[in-house]
Amino acid sequence: MQFFFYFQGNISRQEAVSMIPPVLLDVQPHHKILDMCAAPGSKTKQLIEMLHADMDVPFPEGFVIANDVDNKRCYLLVHQAKRLNSPCVMVVNHDASSIPRLLVENNGAKEVLYYDRILCDVPCSGDGTMRKNIDVWRKWTTLNSLQLHGLQIRIATRGVEQLAEGGRMVYSTCSLNPIEDEAVISSLLEKSEGSLELADISSEIPGLKWMPGITHWRVMTKEGQWFDKWEDVPTSRHTQIRPTMFPCDEEKMKGMNLHRCLRILPHHQNTGGFFVAVLVKKAPMPWNRRQPKLLRRPPTVAVNVPVVNDAVEDATETTDEPAVGRDNAENEDGSAKSSSNPETDSTNKDNVCGPPPSKKMKLFGFKEDPFVFLSEDDPIFPSIVKPETLQCPIVLVGWRGKTSIRSFVPKNERLHYLRMMGVEIFKEKKETTRNTNTESEATLDRTEVEDMECITEGESLPKNKDSDANDITDHEEGSATDEENLASLKKV
């Protein structure tokens, strides 16, 4: 029964601490939400459910855009999200650190889409999951955090760039390493110059046990060498260690209110370790205050850009990308970087950021979209809206053997297809079960006879008397797994 509910989307298995970030987003039905690193999709489903929390609102105004950099994981994301049957979700495949802006239509004009809520659950070393993930014990090193720190800052910074003023972004990791947690938040707050602040959410989850964020930490290399401040790091280590990994000066740290971050320790509530910080955007980011010249006139959309729906479309060709100015505006020591690209030099004058250079699209895994949108004037819709008699072909993917055939259909859909074909199975359930048991007993009796014949013909019993040969055969001839079903359906 639980398996059936899982496929229906009524049950989703997720660790309790992993459910905290969506709760702290305080989602409302009208919110525009971006999930930056969404796969495999448990938190995304949480966000979708929150959009539909008000049963009096049949069609929420808000929506969830779920992004992931891995093309294959995006297919899994689609598979998970479709169980909720919500029209308010869209899956995209981008690098979260440079995810493009989208344009929305407002009174006939195109304007940049800013999100009311952003979930920034970044990739991390996962040391907080060591109670359930044995790989952490074998593979974890301090180098993991040093390598992820820069990516985490870029993703978080790109997130707050696309956050609307007054909006809320939750940054979270399943790591307790301050290099991935407080160091990222303090770096983000420092370069925001007051545009961001940490929200006090101590009363939003009553009963939750947690520790406040820390303000002092040290940085350690893979070899176990410790550094208290950036000035102590030798030049040979500058490729591994960055200034943003260290705490700021004491006065700045006091103004950041890092104690408002949540550190959830495993022994507090018998959970995994988790870090959560809630950021509120008070004003535009400093590098966004001077809008690029490209957006001072009504933007135009290239003809070859496909429209996702009536309101949202990919505007990579016409978007301003402060992320480029953001990621490359400063060296690690704080000095300004200069662009060597002649195509963008003209747009980067006077510290104004222009669009990023075009990149060649890289395809991994499946080389097609998980699904495509149908136009409103598609001839298939009238026949669905007004059918006089229900007449539709049923096309199934299956496996055909010499004497049998098996359809690749998820268990939760089999009853539906059988009913559509006029087959009622509940009345015959007991009889079918009884017949199955009788056949099983006959099979066992026949197997015992065959075994006795084998023993008679052989000189001795086989070594693996209690082998799982029958189990293996049953598995090979059993119903296909969900992944196999999904892959087969996609191929067709």
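Residues numbered from 1 in each chain as written. Predicted model: local features only at pLDDT ≥ 70, side-chain atom pairs only at ≥ 80, totals over all residues. Heavy atoms only, no water.

Draft legend 1. Highlighting helix α3 (residues 42-51). Where burial is concerned, most of α3 is hidden: eight out of the ten residues are buried. All of the buried residues in α3 are K43, T44, K45, Q46, L47, I48, M50 and L51. At its buried positions, α3 is contacted by α2 (20-24), β1 (32-35), β2 (63-67), α4 (71-81), β3 (89-92) and β6 (115-121). (Buried < 20%, exposed > 50% of the residue type's maximum accessible area, 1.4 Å probe, protein only. Helix = DSSP H or I, 4+ residues; strand = E, 2+ residues; numbered from the N terminus. Contact = heavy atoms within 4.5 Å.)

Draft legend 2. Broad picture of helix α6 (residues 142-161). The first and last C-alpha atoms of α6 sit 30 Å apart over 20 residues, in line with the 28 Å expected at 1.5 Å per residue. Of all 20 residues that make up α6, 15 are buried, and the element is covered over most of its length. (Expected span 1.5 Å × (residues − 1).)

Draft legend 3. Examining the packing of aromatic side chains more closely. Enumeration according to the criterion identifies one aromatic pair in this entry. Geometrically, the ring pair formed by Y171 and F275 is edge-to-face, given 6.5 Å between the ring centres and 75° between the ring planes. Here Y171 is found in strand β7 (residues 163-173), whereas its partner F275 is found in strand β13 (residues 274-281), with 104 residues between them in sequence. The class of F275 is buried, set by a relative accessible area of 0%. The side chain of R218 reaches across the aromatic face of W226, ending 4.4 Å from its centre. (Phe/Tyr/Trp six-rings, centres within 6.5 Å; stacked < 30°, edge-to-face > 60°. Lys NZ or Arg CZ within 6 Å of the ring centre and 35° of its normal.)

Draft legend 4. Structural view of the packing of α6 against helix α7 (residues 182-192). Taken N-terminus to C-terminus, the directions of α6 and α7 make an angle of 45°; their axes are 10 Å apart at the nearest point. Between α6 and α7, the interaxial angle falls into the category oblique. When you trace α6 past α7, the crossing you get is right-handed. Across from H149, Q152, I153, A156, T157 and V160 in α6, the residues of α7 making contact are A183, V184, S187, L188 and K191. (Axes fitted to C-alpha atoms, helices over the stretch in contact; angles between N-to-C directions. Parallel < 35°, antiparallel > 145°, perpendicular 65-115°, else oblique. Left-handed = near helix turned anticlockwise from the far one by under 90°.)

Draft legend 5. Main features of the nonpolar core. Ranked by internal contacts, the top residues of the largest apolar core, which has 76 residues, are L24, M36, I65, M169, I185 and L258. With seven residues, β13 is the largest single contributor of residues to this core. The contact partners of L24, leaving out residues within four places of it in the chain, are R168, V170, I201, E204, I205, L262, V276 and V278. Formed by six residues, the second largest nonpolar core is a distinct cluster that contains C74, L77, V78 and V91. (Core = buried A, V, L, I, M, F, W, Y, C linked by side-chain atoms within 4.5 Å.)

Draft legend 6. Here's a closer look at the pattern of salt bridges. With the rule as written, the count across this model stands at 15 salt bridges. D116 is paired through a salt bridge with K32; the nearest N and O atoms lie 3.4 Å apart. One end of the pair, D116, is in strand β6; the other, K32, is in strand β1, and 84 residues separate them in sequence. Judged by its relative accessible area of 18%, D116 falls in the buried class. Given the relative accessible area of 25%, K32 is considered partly exposed. A salt bridge links R168 to E204; the shortest N-O distance between them is 3.2 Å. (Salt bridge = Lys/Arg side-chain N within 4 Å of Asp/Glu carboxyl O.)

Draft legend 7. Inspection of the UniProt feature "binding site: S-adenosyl-L-methionine" (unreviewed entry) in the chain at higher detail. According to UniProt, the positions carrying the feature "binding site: S-adenosyl-L-methionine" (unreviewed entry) are C37, A38, A39, P40, G41, S42, K43, D68, D95 and D121. Note that C37 resides in the loop between β1 and α3. Classification of C37 as buried rests on a relative accessible area of 15%. Filtering out sequence-adjacent residues up to four positions away, C37 remains in contact with N67, D68, A96, D121, V122, P123 and I155. As for its position among the elements, K43 is in helix α3. Using a relative accessible area of 12% as the deciding quantity, one classes K43 as buried. In this view, K43 contacts Q14, S18, P21, P22, D35, L119 and D121; residues no more than four positions away in its chain are not counted. (UniProt positions renumbered as here; feature names shortened; annotations may be inferred.)

Draft legend 8. Molecular detail of the side chain of S172. Mapped onto the elements, S172 comes out in strand β7. There is a polar contact of 2.6 Å between the side chain of S172 and the side chain of D121. The residues contacting S172, other than those within four sequence positions of it, are P21, C120, D121, V122, F274, F275 and V276. (Polar contact = N/O pair within 3.5 Å; in protein donor to acceptor, adjacent residues only side chain to side chain.)

Draft legend 9. Structural context of the confidence of the model for the chain. For the chain, the average pLDDT comes to 76, and 66% of its residues sit at 70 or higher. Across residues 292-355 the pLDDT falls below 50, and counting only partners more than four positions away or on other chains, this stretch makes 107 contacts in the model. Below a pLDDT of 50 lies the segment residues 446-492, which in the model reaches 21 contacts outside its immediate sequence neighbourhood of four places, other chains included. (pLDDT = per-residue confidence, 0-100.)

Draft legend 10. Quick peek at the state of the cysteines. Evaluated as defined, the whole model comprises zero disulfides. C174 forms no disulfide, and the closest cysteine sulfur to it belongs to C124, at a distance of 3.1 Å. The partly exposed category is assigned to C174, whose relative accessible area is 22%. (Disulfide = S-S within 2.5 Å.)

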